[in-house]
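What follows is each chain in one-letter form.
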2 protein chains.
Amino acid sequence: MAKEIFMFEEGNKELKALLGGKGANLSEMTRIGLPVPYGFIITSEVCVDYMKQGEEVVEKLKDDILESLIKVEDKVGKSFAASENTLLVSVRSGAKISMPGMMDTILDLGLNDNNVEGFSEQFNDRRFAYDCYRRLIQMFGNVVMGIEHDRFEEVLTAIKKEKKIKYDIEFSIEDLKNIIVEYKKLVKNATGREFPQDPYEQLFMAIKSVFESWNNKRAITYRKLNNIPDDLGTAVNIQMMVYGNKNDISATGVAFSRSPSTGEKKLYGEYLKNAQGEDVVAGIRTPREINEMEKEFPGIYNQLKGISQKLELHYKDVQDMEFTVMDGKLYMLQTRNGKRTADAAIKVAVDFVKEGIIDKKNAIRRIDPELLIKIMHSRISPNAKKINRVIAKGLPASPGAAIGEVVFTADKAELLGKKGKKVILVRIETTPDDINGLAQAEGILTARGGMTSHAAVVARGMGKPCVAGCNELEIDLKEKIAKVGDVTFKSGDIITLDGGSGELYLGEVATIEPNLSEEAKLLLEWADEFRKLGVMANADTPFDAKKARSNGAEGIGLCRTEHMFFEKERLEFVQKMIMAGSKKDRIKYLDELEKFQIKDFQGIFEAMDGLSVTIRLLDPPLHEFLPKKDKIKDQIGFELKRHNIDKVKYLEKMLKKLDALQEVNPMLGHRGVRLGIVYKEIYEMQIRAIFIALIKRPDIKIKLGIMVPLVADINEFTVIKDLAKRIELEEIPHSGRKIEYEIGTMIELPRACMVADEIGKEAEFFSFGTNDLTQTTFGFSRDDAEGKFLHYYLENKILERDPFQTIDVKGVGALMKIAIEKGRNIKTDIKIGVCGEHGGDIESIDFFNEIGLDYVSCSPYRVPVARLSAARAEIG
Amino acid sequence: MAKEIFMFEEGNKELKALLGGKGANLSEMTRIGLPVPYGFIITSEVCVDYMKQGEEVVEKLKDDILESLIKVEDKVGKSFAASENTLLVSVRSGAKISMPGMMDTILDLGLNDNNVEGFSEQFNDRRFAYDCYRRLIQMFGNVVMGIEHDRFEEVLTAIKKEKKIKYDIEFSIEDLKNIIVEYKKLVKNATGREFPQDPYEQLFMAIKSVFESWNNKRAITYRKLNNIPDDLGTAVNIQMMVYGNKNDISATGVAFSRSPSTGEKKLYGEYLKNAQGEDVVAGIRTPREINEMEKEFPGIYNQLKGISQKLELHYKDVQDMEFTVMDGKLYMLQTRNGKRTADAAIKVAVDFVKEGIIDKKNAIRRIDPELLIKIMHSRISPNAKKINRVIAKGLPASPGAAIGEVVFTADKAELLGKKGKKVILVRIETTPDDINGLAQAEGILTARGGMTSHAAVVARGMGKPCVAGCNELEIDLKEKIAKVGDVTFKSGDIITLDGGSGELYLGEVATIEPNLSEEAKLLLEWADEFRKLGVMANADTPFDAKKARSNGAEGIGLCRTEHMFFEKERLEFVQKMIMAGSKKDRIKYLDELEKFQIKDFQGIFEAMDGLSVTIRLLDPPLHEFLPKKDKIKDQIGFELKRHNIDKVKYLEKMLKKLDALQEVNPMLGHRGVRLGIVYKEIYEMQIRAIFIALIKRPDIKIKLGIMVPLVADINEFTVIKDLAKRIELEEIPHSGRKIEYEIGTMIELPRACMVADEIGKEAEFFSFGTNDLTQTTFGFSRDDAEGKFLHYYLENKILERDPFQTIDVKGVGALMKIAIEKGRNIKTDIKIGVCGEHGGDIESIDFFNEIGLDYVSCSPYRVPVARLSAARAEIG
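In the annotation of an unreviewed UniProt entry, the entry for chain A reads Pyruvate, phosphate dikinase, and the organism field reads Haliovirga abyssi. Per UniProt, the comment on chain A under Cofactor (unreviewed entry) is "Mg(2+)". Of the comments in the UniProt record for chain A, the one headed Sequence similarities (unreviewed entry) reads "Belongs to the PEP-utilizing enzyme family."

Shown next as structure tokens:
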């Protein structure tokens, strides 16, 4: 049988799956000689058994647990359940993957009516001992025996009222004894059972309770949200208690070896003097910054700093530590790799390379490319900062600017958020129960809690802006209003917060475009050293083109021309062109459009001077450029009232045209090259405009590509290629400018994949349009699938993942492989890329790299993601 | 250089490509000793050169032509261009593939002012000689020099008027001389050139004219209609003239060795005494039946019968012969394989096997499977014959019943026909200029012309009903009315004609379902001996199932259940089921539908007892079962007026539901297995109904298949397979009946092809749905392509053929091959078929046989076509 219990010195950091993260790291710290209160761990495998077989699993293990407990007693020189020199223990959960606050913890375990006095003697502090006992009954009653927290608070409140006192600290020993009596009555009334006086009973009940907490609702939700498997189970840590709340030379705190917010290299964290650990994490009291400790406990501070550095080098990562000081002595209660913002993650990875701790490849491997999106926080515009008044300032708990309407409850945030409203969740403090609202909010604002409070940690994890511990903020939940100084805002009002500075504004404040940090740029340069896959951008405007370029795109892999057609001043000509009765008429309006297109292309060429630009000819069906039927009908009604007969006639003609163009399945209709073949004059105009744009700007150098969409047969492609060659002859030779270009095709239909050898004879490049290819391969359109059954399919695991997000390797991917093989068989060096949305998806890029594509083309914003992903795909 | 001129004895029947059909067969007849007027042939290769290089080709060949002409002079003992013992020749076109009446013919070539008298002495008939000369000028002027036929007729009419005569025959020699003078003036006026007096000039002009006629409009249209390549060219036949119009022991005629209408074994045809060949073919005079010749010219008749039998055995096919009798001597002017009706073709092929002329394989090879559709003529119901009055009777020129509205011009027939109207073209006689109208008409009725008249020949070729030579019919083209006896009908009136009996009815007369002839059944039995491919039918009703069975289907390969849902009494429940707010409600209505479905399936099982039935679960999206939006709105208006508030509410709910179900691309939407997964209760009902139907009828034996549509992923299939297994367990074990079934899937999406190995692990059969597979492979829907660009694509040869008609081998076919390979790799004996419309397409069946499918499933009506095609595919 596998080992079921590990004493701390028996484990190590590699055993996370078995011992949980907390247990493995407590073991590791013990092994490397750090001051850790002694204890042992029951493995997560026992939890898995427990889930299957129930309580008997713990029953069978009782002897082994008691044996381990004796080892602890021997080591620390105290006795569990004894009335003198009493050993108290904590019982904590700890899974392979951290689920902070999701599962159970019980402290002070081992106290009872008999030994509380003895315990008090040991500490020489009866008040402290009775308070511990009171806390044990409350925590045990709540966590293990399932009595609502509020019912204990009611007892406290009643006695406070009676005694006319305000704070817990004011309770006398007699008060505490009374509370203990009342608490025990409460336990009996609520559960029909006595609070267990037997410390061993307490212990085993607590262990079972920790196992059961693996399947509590919060934990299940958290796992679902974070894609954590349900069958891992949790380990149980049983450890000697130490007390940060013992006296004024005691304290408790958390510390990061570097800033989890910015990555700055300095000890970062908070502590509370004379307090227990839960007080910090829960965010109930606002703690002090860790650097203040340097003055208050200089020796402890330096010891902690040393341990921090040692652990960081040992783990080669930023450490998030929990510690307690008791009687002026430091105890380490936990260490783990610290969660951090995307900014911090990148800065730390880059700094670690600079400091020689890890190499470039490791740095690249460490950064989830999606983080590059997260660091592109929008920020409050510097101008706006001058104009707008900061109404309050809290802690800058998670960077980025957020604008939204105020909501005061998580449920409201969830409700409105799901409807697509932008909301800011404003809370005194947040708890794990608020997770649904946090997930839907644009940003979070809390009145209490520090940089490591629940709200702050969760917000950073989600990459959402958060201002925490904004002490000036007074919230009236009943009236649903909040006040800061002289300013009041209510539910539904718009506020803006800046999680990078902690500042709060009333109303909507202007923000500016995000940019990559210097560290991110450096990391991407390293990525460029390793990647083989080219990274281009999909850009239709000079603005997007510039963005793409500044994000490191090597060119434009897809310039969609239809977006140009939709622009206001062109749309009228586009519509007249569509409604033209004859080719001659159509050409008249196309001539007008040509002038615009020349300018469009010039703008893009300018932005991409020196790089490559691949322009796709018009793709969507013509009816998309006409107004909707109802809209035309409404306008006819309007014009009729005004007796504007000519306009009415025109609109009626438009309605007729719309009917004539109507399609049953527009996605499978008259679009792409089919349009360009039947209305050759449209493609002719576009190709001519492209050439003329380049002729007019001899100063610009562009590697030009012309791309034909939706080709299913080589003949379609050849018709357009011949057209291009003809226009080339008409425009280029006499212009005096030398223009070279490649003409290629989208591969976005299964048939194109199957005849890619034929197409490859004529086409100079292929670009996979994986959106359309996915639609036709699966036979469902994105629009129709998403509204109707795709959600069901994903939820019920009929499809593993959304094929419109991540390339479907088995189907679409297999077709791509066929096309690549056929294409390269005909033309070894044919350039092959992808320009569907999958071009910016991390997993898809991995696949594209594997099948030997030459480049991906994606949204300008995702270019950094693609660069990093391509490098990760290559270095593995 | 290739041989450019062949004397008749130098050619043979194998040289059709070079000598044209007419020339090759004249050569063959010469070689086997039949009486053929001597002559020679200029090859079609010369015509091809002529088309490229123009007149010089003939110039260069002049000497060779003259040499050949001398050979003819020597053989027949007459001299071309001489004024005594004058040789006249005919110059006729003749291409590899017969194009009757499409190209030029010139007769009596070689006459001029100088030799007409000498020619007359030779025949001892001056009237005849001058008439020949008159005919030459007219024909040459029209055909070679391009003067309209009518202008010559005007000359004749003027002289008739002046002389107060009615018929050509009444012209005196002086009249004819006058006409010749007038004709020559006409030629000079119309063309600026004299009618050429030099016989050699006549000859060379005529040869060039024949070459040029290859590219006249009529010929081009004919070739397009009949898929004849444009680059074949025509040969030119130059042959000594013989005269069927010389005297009363002269005649001209056409004869078939068997009836081209029924295939009956007897000499069949017509002749005209004292007439030239063109008179028969043009249908201007109604000739006598050939059997009358037995009395009138018994010697000639027997000689002809002997030649007919000899030729039939020699060619191993029915012969269509032209002959002339001059001075009581028989001359064969042409023989060729006779065009025939589909009925005749099948009877002849079967009879030839019985007579030992050809073997079964040859008979199968000879019959284009489409003929099996053509012989399924609808016929006038025997009952209708009793009730309806026959208003007139003509010749039964081409079998079948036709009902349609009367039109009197080909153009009108084309116009209405293209709009989808059923029209009967009523003409005095038809000419090649009417071809556009003939192509669009349901049936043809002529007042003049025999069984071999233009109308009759063309109608038989097209498989259209035709009543020809209905002499009682008087047509007034100006008033657009026609009269037979006391009955008058006008343009737009409905008439019915029976091409099998020659009978004509006013109005629409009841027709009956067509059946296969005994010969066709025999031929299909032979086909079954050779074919490997199974032939199933797509049938949704007991009626169709019976039809399929009687046409020889081995089972139902596709039973679509949606058609059952549309039936009147169910549709209400279907709609209520769709509109149900909850699953519970939905199940309530599904329970009602289940009762209907059980009956539906029982009916089909009954019809197919002993055979296999494969039922496809519901495929179309639910909104297809609701009325159209406008219709609901109209009904709301109607019910509002009646204050039927409940109904209005229901309709408004329906409108909402319709909106909710709306799809952008229904073809790519929530249908097929996607529907069955999200609304499992629908498939559950269907599967249960199938099992119960079989349980209720233990007397019936069915090889049952359940088929899941639109599967893209194995998980989709497994969900439904599991469902079926569950229902099986619920229904079958306790029923006492043993039911075995196979559960398989449609392969109709590219992805299904790519993952056919995975699907093959679970599915027991595959059935390719080639309609959907074609749509998704090409990325265009049939509906949208056909209206918008497919026509353009086919006309401009961007696609060689309509992929919805004939399987696209390169794309769709390649995907099918992948699926078959993957499927059989996993399960060697997995049954694989096809049930798209391609299952009944001849060429597609060829491909399906080649790639090793197990069966095709097609429309019940196409089952015979599929059986024959499958055999032809196998025997090659």
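After that view of the structure, there is still more to cover.
Trainee: Which parts of the structure should I look at to understand the packing of helix 25 (residues 629-641) of chain B against helix 26 (residues 645-661) of chain B?
Mentor: Packed helices, taken two at a time, are described by the angle between their axes plus the distance between the axes. Residues and elements named next belong to chain B. Running from amino to carboxyl end, helix 25 crosses helix 26 at an angle of 165°, the nearest separation of the two axes being 9 Å. Relative to helix 26, the element helix 25 is oriented roughly antiparallel. Crossing hand, helix 25 versus helix 26: left-handed. Across the interface between the two elements, Lys-629, Ile-632, Lys-633, Gln-635, Ile-636, Glu-639 and Leu-640 from helix 25 touch Lys-647, Val-648, Leu-651, Glu-652, Met-654, Leu-655, Leu-658 and Asp-659 from helix 26. Here the residues of the contact of helix 25 with helix 26 are counted per class, giving eight nonpolar, one polar and six charged.

Trainee: Would you explain helix 37 (residues 863-875) of chain A in this entry?
Mentor: For an α-helix, the turn length of 3.6 residues means that residues three or four places apart are oriented alike. All names here are of chain A. With 13 residues, helix 37 ought to run about 18 Å at 1.5 Å a step, and its terminal C-alpha atoms sit 19 Å apart, in line with that. Taking burial as the measure, the 13 residues of helix 37 include eleven buried ones, the bulk of the element. For helix 37, the complete set of buried residues consists of Val-863, Pro-864, Val-865, Ala-866, Arg-867, Leu-868, Ser-869, Ala-870, Ala-871, Ala-873 and Ile-875. Next to the buried residues of helix 37 lie helix 14 (360-366), helix 15 (371-374), helix 20 (518-530), strand 26 (534-538), helix 36 (842-850) and strand 33 (855-858).

Trainee: What is the right way to look at the nonpolar core in this model?
Mentor: Looking at soluble globular proteins, one finds that nonpolar side chains tend to be buried together. Core analysis: the biggest nonpolar cluster contains 229 residues, and Phe605(A), Phe768(A), Phe605(B) and Phe768(B) have the highest contact counts within it. Setting aside its immediate chain neighbours within four residues, Phe768(A) contacts Ile747(A), Cys753(A), Leu773(A), Met816(A), Ala819(A), Ile820(A), Ile832(A), Gly833(A), Val834(A), Cys835(A), Gly836(A) and Leu853(A).

Trainee: Explain the domain arrangement of chain A to me, please; I cannot follow it from the model alone.
Mentor: Often, the extent of an interface is quoted as the loss of accessible area on bringing the components together. We note that the domain assignment places domain 1 (5-242), domain 2 (377-512), domain 3 (531-621 + 663-875) and domain 4 (628-660) within chain A. Placing the centre of domain 2 of chain A and that of domain 3 of chain A at their C-alpha centroids yields a distance of 41 Å.

Trainee: Can you walk me through the interface of chain B and chain A in this structure?
Mentor: Taken together, the 49 residues of chain B in the interface contact 49 residues of chain A. For the pair chain B and chain A, the summed buried surface comes to about 4,200 Å²; carbon and sulfur atoms form 60% of the total. Sorting the residues of chain B by area buried against chain A places Leu668(B), Arg751(B) and Lys788(B) first, and these three jointly supply 16% of that buried surface. Here chain B and chain A share four salt bridges between them. A salt bridge links Glu758(B) to Lys810(A); its shortest N-O distance comes to 2.9 Å. Inspection of the region where chain B meets chain A yields 30 residue pairs in polar contact (both at pLDDT 80 or more).

Trainee: Honestly, the sheet that holds strand 22 (residues 487-490) of chain A in this entry has me stumped. Any pointers?
Mentor: Strand pairing in a sheet takes place through backbone hydrogen bonds and is either antiparallel or parallel in direction. All names here are of chain A. Read across the open sheet, the three strands follow the order 20-21-22; overall the sheet is antiparallel. Both edges of this open sheet fall to strand 20 (474-476) and strand 22, since each of them pairs with a single strand only. When the angles between neighbouring strand axes are averaged without regard to direction, this sheet yields 20°. By the bridge criterion, three bridges tie strand 20 to strand 21 (residues 481-484) in an arrangement that is antiparallel. The partner of Ile-475 across the bridge, within strand 21, is Ala-482.

Trainee: Sorry if this is basic, but what is going on with the relation of the copies chain B and chain A here?
Mentor: Least-squares fitting of chain B to chain A yields an RMSD of 0.3 Å, with the superposition described by an axial translation of 0.3 Å and a rotation of 179°. Taken together, these values place the two copies in the relation of a two-fold axis. Using C-alpha coordinates, one finds that chain B approaches the rotation axis most closely at Asn665(B), a distance of 2.0 Å. When the interface residues of chain B are mapped onto chain A, 100% of them again lie at the interface, so the same face is used by both copies.

Trainee: Whenever I open this one, the pairing of strand 7 (residues 234-240) of chain B confuses me. Can you help?
Mentor: Within a regular strand, side chains alternate between the sheet's two faces. All names here are of chain B. Of all seven residues making up strand 7, seven are buried, and the element is well covered by its neighbours. By the bridge criterion, seven bridges tie strand 5 (residues 89-95) to strand 7 in an arrangement that is antiparallel. If you follow Val-91 over to strand 7, its bridge partner there is Ile-238.

Trainee: What's the story with the environment of Met754(B) in this structure? I'm lost.
Mentor: Mapped onto the elements, Met754(B) comes out in helix 30 (residues 750-754). Here the alpha-carbon distance between Met754(B) and Ala712(B), two residues 42 residues apart in the chain, equals 9.2 Å. For Met754(B), the contacting residues outside a window of four places in its chain are Lys810(A), Gly811(A), Ala814(A), Leu815(A), Ile818(A), Leu815(B), Ile818(B) and Lys822(B).

Trainee: Sorry if this is basic, but what is going on with the confidence of the model for chain A here?
Mentor: When pLDDT is averaged across chain A, the result is 92; 99% of the residues are at 70 or more. This prediction of the complex comes with two scores: 0.80 for pTM and 0.78 for ipTM.

Trainee: Teacher, can you tell me more about the UniProt feature "binding site: Mg(2+)" (unreviewed entry) in chain A here?
Mentor: Residue and element names in this part refer to chain A. Here the UniProt feature "binding site: Mg(2+)" (unreviewed entry) sits at Glu-748 and Asp-772. In summary, the annotated positions, though distributed over 25 residues, converge in three dimensions, the widest C-alpha pair being only 5.5 Å. If near-sequence neighbours (up to four positions away) are discounted, Glu-748 is found in contact with Pro-709, Leu-710, Gly-769, Asp-772, Leu-773 and Thr-776. From its side chain, Glu-748 meets the backbone nitrogen of Leu-710 in a polar contact 2.6 Å long. Position of Asp-772 among the secondary structure elements: in helix 32 (residues 770-778). Discounting chain neighbours no more than four positions away, the residues touching Asp-772 are Met-667, Arg-671, Leu-710 and Glu-748. At 3.1 Å, the side chain of Asp-772 forms a polar contact with the side chain of Arg-671.

Trainee: What should I look at first to understand a positive patch on the surface in this one?
Mentor: There is a patch of like positive charges on the surface, built from Lys412(A), Lys419(A), Lys421(A) and Lys480(A). Turning to its location among the elements, Lys421(A) is positioned in the loop between helix 17 (410-418) and strand 17 (423-427).

Trainee: I tried to follow the sheet that holds strand 7 (residues 234-240) of chain A on my own but got confused; where do I start?
Mentor: All names here are of chain A. On the basis of which strands lie adjacent, the open sheet formed by five strands has the order 1-2-7-5-6 and antiparallel pairing. Of all the strands in the sheet, just strand 1 (5-7) and strand 6 (105-109) have a single pairing partner and so form its edges. Neighbour-to-neighbour, the strand axes of this sheet turn through a mean angle of 20°, independent of strand direction. This element, helix 8 (residues 199-213), spans strand 2 (39-42), strand 5 (89-95), strand 6 and strand 7 of the sheet and lies at about 150° to strand 7.

Trainee: I keep staring at unusual backbone geometry and nothing clicks. Help me out?
Mentor: Across residues other than glycine, the phi torsion is negative in most instances, and most of the peptide bonds are trans. In this model, Asn124(A) sits at a positive phi of 60°, which is unusual for a non-glycine residue. Here Asn124(A) is to be found in the loop between helix 4 (116-123) and helix 5 (126-143). Look at Asn124(A) and you get exposed, because its relative accessible area is 71%. In this model, Asn274(B) sits at a positive phi of 50°, which is unusual for a non-glycine residue. Its location among the elements puts Asn274(B) in the loop between strand 9 (268-273) and helix 10 (277-281).

Trainee: Sorry, what's going on with helix 28 (residues 680-696) of chain B here?
Mentor: Compared with the 24 Å implied by 1.5 Å per residue over 17 residues, the 24 Å span of helix 28 of chain B between its first and last C-alpha is a close match. Burial runs high along helix 28 of chain B: 14 of the 17 residues are buried.

Trainee: Would you mind going over the packing of aromatic side chains with me for this structure?
Mentor: Where two aromatic rings form a pair, the distance of their centres and the angle of their planes describe that pair. Under the defined criterion, the tally for this structure stands at 48 aromatic pairs over all chains. Centre to centre, the rings of Tyr271(A) and Phe297(A) are 6.4 Å apart; their planes meet at 75°, and the pair counts as edge-to-face. One end of the pair, Tyr271(A), is in strand 9 (residues 268-273); the other, Phe297(A), is in the loop between helix 11 (293-296) and helix 12 (298-315), with 26 residues separating them in the sequence. Just as Tyr271(A) is buried, Phe297(A) falls in that class too. Ring centres 4.8 Å apart and planes at 55° place the aromatic pair Phe119(B) and Phe123(B) in the tilted group. Here Phe119(B) pairs with Phe123(B), and both are found in helix 4 (residues 116-123), just four residues apart, close to one helical turn. Each member of the aromatic cluster is reached from another via a ring pair, and the members are Phe778(A), Phe780(A), Phe789(A), Tyr793(A) and Phe804(A). Over the face of the ring belonging to Phe6(A) we find Lys3(A), whose NZ or CZ atom lies 5.1 Å from the ring centre.

Parameters at a glance
Residues numbered from 1 in each chain as written. Chains lettered and ligands numbered in written order. Predicted model: local features only at pLDDT ≥ 70, side-chain atom pairs only at ≥ 80, totals over all residues. Heavy atoms only, no water. UniProt positions renumbered as here; feature names shortened; annotations may be inferred. Axes fitted to C-alpha atoms, helices over the stretch in contact; angles between N-to-C directions. Helix = DSSP H or I, 4+ residues; strand = E, 2+ residues; numbered from the N terminus. Parallel < 35°, antiparallel > 145°, perpendicular 65-115°, else oblique. Left-handed = near helix turned anticlockwise from the far one by under 90°. Contact = heavy atoms within 4.5 Å. Nonpolar A, V, L, I, M, F, W, Y, C, P; charged D, E, K, R; others polar. Expected span 1.5 Å × (residues − 1). Buried < 20%, exposed > 50% of the residue type's maximum accessible area, 1.4 Å probe, protein only. Core = buried A, V, L, I, M, F, W, Y, C linked by side-chain atoms within 4.5 Å. Domains from an automatic or database assignment. Buried area = accessible area lost by both parts, 1.4 Å probe. Salt bridge = Lys/Arg side-chain N within 4 Å of Asp/Glu carboxyl O. Polar contact = N/O pair within 3.5 Å; in protein donor to acceptor, adjacent residues only side chain to side chain. Pairing = 2+ DSSP bridges. Least-squares fit on C-alpha atoms with pLDDT ≥ 70 in both. pLDDT = per-residue confidence, 0-100. Patch = residues over 30% accessible without salt bridge, like charges linked within 9 Å, V, L, I, M, F, W, Y side chains within 5 Å. Areas by Shrake-Rupley, 256 points an atom, 1.4 Å probe, with all protein chains shown as cover. Lys, Arg positive; Asp, Glu negative; His and termini not counted. Charge placed at Lys NZ, Arg CZ, Asp CG, Glu CD. Phe/Tyr/Trp six-rings, centres within 6.5 Å; stacked < 30°, edge-to-face > 60°. Lys NZ or Arg CZ within 6 Å of the ring centre and 35° of its normal.

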